[in-house]
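Secondary and tertiary structure notes
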Amino acid sequence: MNFKEVFQNEHVTRRFTNRRVPEKAIAEIIEKAQQSPSLLNSQPWRAYVIMGDALEGFKKAAAENMDNKVKPNEDFAAMLSLDWDTFPSSNMAMMGASQSFFFRNKLHLFTEANKTTFNAPAIIFLTIPKKSPAWSVFDLGIFAQSIMLLAINRGLGIMPAHSMVSYPDLVRKYARIPEDESVGMAIAIGYIDKNAEVNDPVFIPKRVPFNKIYKITK
Ligand SMILES: Cc1cc2nc3c(=O)[nH]c(=O)nc-3n(C[C@H](O)[C@H](O)[C@H](O)COP(=O)(O)O)c2cc1C
């Protein structure tokens, strides 16, 4: 794909097909993403992939927690302030307020997709050391974006979701992540189920007007 196509295709996928993604393809994507910039080349990221039995075990345990309404306990929520400024808060509220609109009163599709872990054939968990400055969170975001664009370039769909890191103890157990690392984010990866209603492009939310985020001074 050319860059324009890759970038335009960057929207999330909330339902994957059952087709498995070759282990080698995922490893190649992650290896290429290592080229991402980071503060003083610190490269604080690590990537833990789960597939097969480990993935099935994780999905089952996470769904059970959701069913039992176990309180989410993300590592980043403990590490970073959740005292959001009004600008992102109002952007999120706008999304929330229009969710019934962009999901055409089908919010259950969104909920079900999250609960079934998007039927993902593989998940990449991204970590940084617990002992990290905020810069490392920034670096991890860049690394994540590289992974997603590289995956799209190979014809894959991507699903970054904090719902997959709501229970870091489960992530640690199934992906074998050491205690001294924070489980920052997860990206599910697979082939897009084009027949799934939840993936219908009508559900793609709009962006904030450009003039609200851009200012030039000469
Ligand atoms: C850090 C992060 C966390 C997200 N968490 C979730 C999630 O838990 N569940 C979900 O369905 N979507 C999640 N998303 C997807 C966003 O809702 C989505 O990217 C946004 O609404 C814009 O839609 P688009 O990417 O399809 O254009 C997350 C995205 C990011 C970057």
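Here's what I pulled together on the structure shown here. Remember, predicted model here, so these are calculated numbers, not experimental data. (Residues numbered from 1 in each chain as written. Predicted model: local features only at pLDDT ≥ 70, side-chain atom pairs only at ≥ 80, totals over all residues. Heavy atoms only, no water.)

Attention shifts here to the overall build of the protein. If you tally the helices and strands in the protein, you get eight helices and four strands. Going from N to C terminus, the protein has its helices and strands arranged as α-α-β-α-α-α-α-β-α-β-α-β. Relative to the 2.2 N^0.38 estimate, which gives 17 Å for 218 residues, the radius of gyration of the protein is 18 Å and therefore close to what a compact globule would have. With the principal axes as the frame, the protein shows a C-alpha extent of 50 × 45 × 40 Å. Within the protein, the fraction of its 218 residues that count as buried is 41%. Considering only intrachain contacts with a sequence separation of at least 6, the fraction spanning at least 24 residues in the protein is 85%. Split by element, the accessible area of the protein, about 13300 Å² in all, is 56% carbon and sulfur. In the protein, the 27 positive side-chain charges and the 22 negative ones have mean positions that sit 5 Å from each other. (Helix = DSSP H or I, 4+ residues; strand = E, 2+ residues; numbered from the N terminus. Rg over C-alpha atoms; globule rule 2.2 N^0.38 Å. Buried < 20%, exposed > 50% of the residue type's maximum accessible area, 1.4 Å probe, protein only. Contact = heavy atoms within 4.5 Å. Areas by Shrake-Rupley, 256 points an atom, 1.4 Å probe, with all protein chains shown as cover. Lys, Arg positive; Asp, Glu negative; His and termini not counted. Charge placed at Lys NZ, Arg CZ, Asp CG, Glu CD.)

Let us now look at the site of the ligand. Near the ligand you find 15 residues, and of these His 11, Arg 14, Asn 114, Ser 163 and Arg 207 are the closest. At 2.8 Å from a nitrogen atom of the ligand is found a side-chain nitrogen or oxygen belonging to Asn 114. In this structure, Pro 160 approaches the ligand through a main-chain N or O atom, which is 3.2 Å from a nitrogen atom. Summarising the interface, the protein chains cover 73% of the accessible area of the ligand, which totals 620 Å² for the free molecule. Grouping the amino acids of the shell around the ligand by side-chain chemistry returns nine nonpolar, four polar and two charged. (Near = heavy atom within 4 Å. Polar contact = N/O pair within 3.5 Å; in protein donor to acceptor, adjacent residues only side chain to side chain. Nonpolar A, V, L, I, M, F, W, Y, C, P; charged D, E, K, R; others polar.)

A few words now on helix H7 (residues 134–153). The first and last C-alpha atoms of H7 sit 29 Å apart over 20 residues, in line with the 28 Å expected at 1.5 Å per residue. Of all the positions in H7, only Ser 136, Asp 139, Leu 140, Phe 143, Ala 144, Ile 147, Met 148, Leu 149, Ala 151 and Ile 152 are classed as buried. Of the residues flanking the end of H7, it is Gly 155, one or two places downstream, whose phi is positive at about 85 degrees. (Expected span 1.5 Å × (residues − 1).)

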